[in-house]
Amino acid sequence: MSERPRRILHCDMDGFFAAIHRRDEPHLREVPLVVGGDPDGRGVVSTANYAARRYGRHSAMPAATAKRLCPEAVFLRPDLARYRAGSRRLMALLSEFSDRIEPVSLDEAYLELTDRLSSYPSTTAAAEAIRARVRETLGLTVSVGVANSRLVAKLASDWDKPDGLTVVPPKQVPGFLAPLPVRKLPGVGPTTERTLTEASLATVADLRAQGRERLVHLLGRIGGTLHNLAWGRDDCPVGVERARKSLGVETTFAVDQVNLAEMDRILTSLAERVHRGLLTRGLTGRTVTVKARYPDFRTVTRSQTLAEPPAEAEALATVAQQLLRRTEAGQTPVRLLGLTVANLTEAEPAEQLPLFR
Ligand SMILES: [Mg+2]
């Protein structure tokens, strides 16, 4: 029995936070707009609208840098409750197209249409209908990728942003993936990318030219996964989101760290990543945990539960740096540092927003 190809959509709103402000506050429509931390402090950019991106502004850039590059930009602090309200309406709308929907953040979701009978003649037609409904109902634009796997659907939604629809038929998957830089594949972080670069493997096509054994030899277990992904083999199902209990990141150093000031700087950048991850999911959390691993692989964690969730990445970094001082860091070399926030709660809207403004 031949299996029907899977039909997966990845829907990703365009500059979601900035787009909501622009929609609701007409005076912001034509100006470069940056949503994020304090431009006079150490905050980072959450989203910039596409006017601001033309000036080179982008997510995760320090807000102070963004301000220097584009002093005329309007800087707004995130209004999480409002984004959550918008996200609820978005997910409700998407649920009308399939009950197999997996939200990955406030503004992004996978939909599986494989076994869904629908009134649309094709997956492409369903994707077009979603885009039209989002525009009419929410007054916002969404980019959609259509493919036979999550991997390719996600890469496709990113292909023609903003306001794009990219359909990759199964036969075109290998050609679509071939020229992409390796970092576009899930699981390829800065460390793996460096290893691949040193082995002169820059694109997905380069990965494919290697045998699976070579990639496993180079990268360990993830090498096998990357080999599959490079060929577009990804049968990961679209599932219903599990309630997230914590969000954390960690980094292993090429050289063991002994310098506390340097470790503080690393914790600051981990704090920015965690803070940003929470923000895109509309979450805040009160329990902060720092993990340190020593060269002999002993691993310790130090935690603190705060009365209020840290509002800024900077505040989170400060707590993390205090926790670091309760480890042996500074006396014993450290090979890995991690930062996790748990005790998560959803930021609730203060009031229900009207449908049209
Ligand atoms: Mg988005």
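Residues numbered from 1 in each chain as written. Predicted model: local features only at pLDDT ≥ 70, side-chain atom pairs only at ≥ 80, totals over all residues.

**Q** Describe the packing of helix 10 (residues 212-219) against helix 11 (residues 221-230), naming the residues involved and giving the relevant values.
**A** Where helix 10 meets helix 11, the axes come as close as 6 Å, and the angle between the chain directions of the two elements is 140°. Judged by the angle between their axes, helix 10 and helix 11 are oblique. In the crossing of helix 10 with helix 11, the sense of the turn from one axis to the other is right-handed. Facing Arg212, Leu215, Val216, Leu218 and Leu219 of helix 10, the residues of helix 11 in contact are Ile222, Gly223, Gly224, Leu226 and His227. (Axes fitted to C-alpha atoms, helices over the stretch in contact; angles between N-to-C directions. Helix = DSSP H or I, 4+ residues; strand = E, 2+ residues; numbered from the N terminus. Parallel < 35°, antiparallel > 145°, perpendicular 65-115°, else oblique. Left-handed = near helix turned anticlockwise from the far one by under 90°. Contact = placed C-beta atoms within 7 Å.)

**Q** So, the packing of helix 1 (residues 16-24) against helix 4 (residues 80-95): which residues are in play, and what are the values?
**A** The interhelical angle for the contact between helix 1 and helix 4, taken along N-to-C directions, is 95°, at an axis separation of 10 Å. With respect to their mutual orientation, helix 1 and helix 4 come out roughly perpendicular. In this structure, helix 1 contributes Phe16, Phe17 and Ile20 to the contact, and helix 4 contributes Arg82, Tyr83 and Gly86. Partitioning the contact of helix 1 with helix 4 into residue classes produces four nonpolar, one polar and one charged. (Nonpolar A, V, L, I, M, F, W, Y, C, P; charged D, E, K, R; others polar.)

**Q** Please set out the sheet that holds strand 7 (residues 142-147) residue by residue, giving values where relevant.
**A** The sheet built from five strands is open, its strands ordered 5-6-1-7-8 with mixed pairing. A strand with exactly one partner marks an edge of an open sheet, and here the two such strands are strand 5 (101-105) and strand 8 (165-167). Averaged over all pairs of adjacent strands, the angle between their axes in this sheet comes to 15°, without regard to strand direction. Sheet analysis places strand 1 (residues 8-13) next to strand 6 (residues 108-112), joined by five bridges and oriented antiparallel. Within the sheet, the bridge partner assigned to His10 lies in strand 6 and is Tyr110. (Pairing = 2+ DSSP bridges.)

**Q** Describe the domain arrangement of the chain, listing the residues and the values that go with them.
**A** According to the domain assignment, the chain consists of domain 1 (8-14 + 81-174), domain 2 (16-79), domain 3 (180-230) and domain 4 (246-346). The distance between the C-alpha centroids of domain 3 and domain 4 comes to 28 Å. (Domains from an automatic or database assignment.)

**Q** How would you sum up unusual backbone geometry? Please name residues and give values.
**A** That bond from Lys161 to Pro162 is cis: its omega, -10°, falls within 30 degrees of zero. Here Pro162 lies in the loop between helix 6 (150-157) and strand 8. With a phi angle near 75°, Phe297 is a residue other than glycine that sits in the positive phi range. In this fold, Phe297 is placed in the loop between strand 10 (283-293) and strand 11 (299-305). A tally of 8 C-beta atoms within 10 Å means that Phe297 is categorised as exposed. (Buried ≥ 20, exposed ≤ 12 C-beta atoms within 10 Å, placed from the backbone.)

**Q** Please set out the environment of Gly187 residue by residue, giving values where relevant.
**A** Checked against the element boundaries, Gly187 lands in the loop between helix 7 (173-177) and helix 8 (190-198). Residues Gly187 and Thr225 lie 38 residues apart in sequence; the distance between their C-alpha atoms is 8.8 Å. Not counting residues up to four positions away in its chain, the partners in contact with Gly187 are Ile222, Thr225 and Leu226.

**Q** Could you give me a rundown of helix 6, with the residues and numbers involved?
**A** Three- or four-residue spacings in an α-helix give side chains the same orientation, since the helix completes a turn every 3.6 residues. By the criterion of burial, helix 6 is predominantly enclosed, with eight of the eight residues buried. Among the residues making up helix 6, those that are buried are Arg150, Leu151, Val152, Ala153, Lys154, Leu155, Ala156 and Ser157. Among the structural elements, strand 1, strand 6, strand 7, strand 8, helix 7 and helix 11 are those in contact with the buried residues of helix 6.

**Q** Please give an account of the environment of Glu112 that cites residues and values.
**A** Position of Glu112 among the secondary structure elements: in strand 6. Note on Glu112: 20 C-beta atoms within 10 Å, which makes it buried. Residues Glu112 and His10, spaced 102 residues apart in sequence, show a C-alpha to C-alpha distance of 8.9 Å. Residue contacts for Glu112: discarding those within four places in its chain leaves Arg6, Ile8, Ser98, Arg100 and Val238.

**Q** I'd love a proper account of the pairing of strand 1, names of residues and values included.
**A** For strand 1, the tally of buried residues reaches six of six residues, placing the bulk of the element in the interior. The side-chain alternation of strand 1 yields two buried faces, one formed by Ile8, His10 and Asp12 and the other by Leu9, Cys11 and Met13. The pairing of strand 1 with strand 7 spans six bridges and is antiparallel. Bridged to His10 within strand 7 is Gly145.

**Q** Got a sec to walk through the environment of Asn148? Specific residues and values, please.
**A** Topologically, Asn148 is positioned in the loop between strand 7 and helix 6. Taking the C-alpha atoms as reference, Asn148 lies 17 Å from Tyr120; in sequence the two are 28 residues apart.

**Q** So what about helix 11? Which residues, and what values?
**A** Buried within helix 11 are the following residues: Gly223, Leu226, His227, Leu229 and Ala230. Along the axis of helix 11, the buried positions cluster into a sector of 165°, meaning they face one direction only. Taken together, the buried residues of helix 11 touch helix 6, helix 7, helix 9 (204-209) and helix 10. Note on helix 11: the residue one or two positions beyond its end, Gly232, has a positive phi of about 75°. (Arc of directions from axis to C-beta.)

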